[in-house]
Amino acid sequence: MQKKHVRVIAIILAAIMACSVFVGALATVARAASVSDLKEKRKEIEQRIQEVEAKLDSLEEEHATTLDRKEKIDEQIDIIQKLIDNIAEQIEVYDGLIAEKQKEVEAAQKKEDEQYDLYKNRIRTMEENGTISYYEIIFGATSFTDLLARIEMISEIMSYDELVYKSYVAAKQETIAAKEELEEANELQKEAMAEQEAREAELLVEVEEASKLIADLESNIDKYKETYDELHADEEKIQAEIKEMLAQQQAASSNGSSGSSGVQGDGVAHGSLTWPTTSRTVTSPFGTRFHPVYKEYRMHTGIDIGAGYGSSVYAANGGTVVTAKYSRSYGNYIVVNHGNGMTTLYAHLSSMSVGVGDTVSRGQVIGRVGSTGVSTGPHLHFEVSVNGTRVNPMNYY
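Residues numbered from 1 in each chain as written. Predicted model: local features only at pLDDT ≥ 70, side-chain atom pairs only at ≥ 80, totals over all residues. Heavy atoms only, no water.

Draft legend 1. Quick look at the confidence of the model for the chain. Of all residues in the chain, 65% attain a pLDDT of 70 or more, and the chain-wide mean is 75. For residues 1–23, every residue scores under 50 in pLDDT, and the model assigns this stretch 19 contacts once sequence neighbours within four places are set aside. Between residues 258–267, whose pLDDT stays under 50, and residues either more than four places distant or in other chains, the model counts 27 contacts. (pLDDT = per-residue confidence, 0-100. Contact = heavy atoms within 4.5 Å.)

Draft legend 2. Quick look at the nonpolar core. With 24 residues, the main nonpolar core has Ile334, Tyr346 and Ile366 as its most contacted residues. Of all the elements in the fold, those that place two or more residues in this core are β4 (303–306), β7 (331–339), β8 (342–352), β10 (365–369) and β11 (379–386). Tallying contributions element by element places β11 first for this core, with four residues. Counting 13 residues, the second largest nonpolar core, distinct from the first, contains Leu83, Ile87, Leu97 and Ile98. (Core = buried A, V, L, I, M, F, W, Y, C linked by side-chain atoms within 4.5 Å. Buried < 20%, exposed > 50% of the residue type's maximum accessible area, 1.4 Å probe, protein only. Helix = DSSP H or I, 4+ residues; strand = E, 2+ residues; numbered from the N terminus.)

Draft legend 3. Region of the structure containing the side chain of His381. One can find His381 in strand β11. Among the residues examined, His381 registers a relative accessible area of 5% and is labelled buried. A polar atom in the side chain of His381 sits 2.9 Å from the side chain of Asp304. A distance of 2.8 Å separates the side chain of His381 from the side chain of Glu383, its partner in a polar contact. In contact with His381, not counting residues within four places along its chain, are His300, Thr301, Gly302, Ile303, Asp304, Tyr330, Leu345, Tyr346, Ala347 and His348. (Polar contact = N/O pair within 3.5 Å; in protein donor to acceptor, adjacent residues only side chain to side chain.)

Draft legend 4. View of the side chain of Ser284. Among the secondary structure elements, Ser284 is positioned in strand β1 (residues 282–284). A relative accessible area of 7% means that Ser284 is categorised as buried.

Draft legend 5. Region of interest: the pattern of salt bridges. Enumeration according to the criterion identifies eleven salt bridges in this entry. Put simply, Asp74 and Lys70 hold a salt bridge, and the shortest N to O gap is 2.9 Å. You can see Asp74 and its partner Lys70 sitting in helix α2 (residues 66–128), four residues apart, about one turn around the helix. Each member of the pair Asp74 and Lys70 is classed as buried. For the salt bridge of Arg199 with Glu202, the shortest nitrogen-to-oxygen distance reads 2.9 Å. You can see Arg199 and its partner Glu202 sitting in helix α4 (residues 144–218), three residues apart, about one turn around the helix. Taking relative accessible area as the criterion, Arg199 reaches 17% and is therefore assigned buried. By relative accessible area, which is 22% here, Glu202 ends up partly exposed. Where salt bridges share partners, they join Glu195, Arg199 and Glu202 into one cluster. (Salt bridge = Lys/Arg side-chain N within 4 Å of Asp/Glu carboxyl O.)

Next comes the structure, spelled out in structure tokens:
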């Protein structure tokens, strides 16, 4: 019976050790793959940054227009933001890794303590029975069969003692390894956070340079008038595209094509939209306004909402994204079709989190406030169109 117990204990200990090593190895491989993928993606982003910087240098030498340079700086800002997002993902992975490693350290320490207690008990037992030697056990045999049984028992006891010692040593090494991995994860996270802070500072410098370009442009009345007319034509082209899209949907609907009219929102009734930012400050209203440069009244086709750089932009209603791209006038902009002839436009975004064809819900984050395109500071330019005609957004809240 004693021999059977020894065998069972030895098998259980060996199985626990093997399982622990196998599960730990699988978790490590999965984490390594996740971080490796993010770092590979990061290399591609950094390569794009270098390409845009080279293009900017080239534009400087070629004396390119302000809008050419602004467009490239906007692109650079967009790429740096993607790099910051990539680093943030890495930090999130390290957060999980640190929490997991902390648990591993605690589990390894507990296992080491248990193995150490078992090892001490074995040593104490051997000391307490030290007067009885293996030789006495062997020479106390009453027959040849009994002698063989005693030799086998001694062999199994010695094997068990060796396994107890090795298990303790292995548990201690596992604790040391877990602590080292935890320390490494902490260091990697610190490095990522430091780089994230540096990249955010770099982003602010680029944003300031981009704003200064437009401010300098506005100070040159003749040059700005020429640019303004070009941008006005660009905005009208975008509005014409919206009208064409609505006309095509109306024609398809008239022909009985199901689902061709887009996702239906809450209609075009007054009060049907939700505010697209957390800020409620309207810095420039809809309608004709006195232009500070031209000294004359000109039409403002939407409202400008002052908001912090990078703050969330929300879909004013449910619908389908029909445009998500860059233009020189609007910068990064999104158009959402809400059905029933209504569309909303969100401009000067620092980044866009949806693409053409995506279905969005009311209040869903679709991008971030920025200063891309012709803008001298972070804000959201927001437009509402009904049947292709721009209307005052304030009438629909």
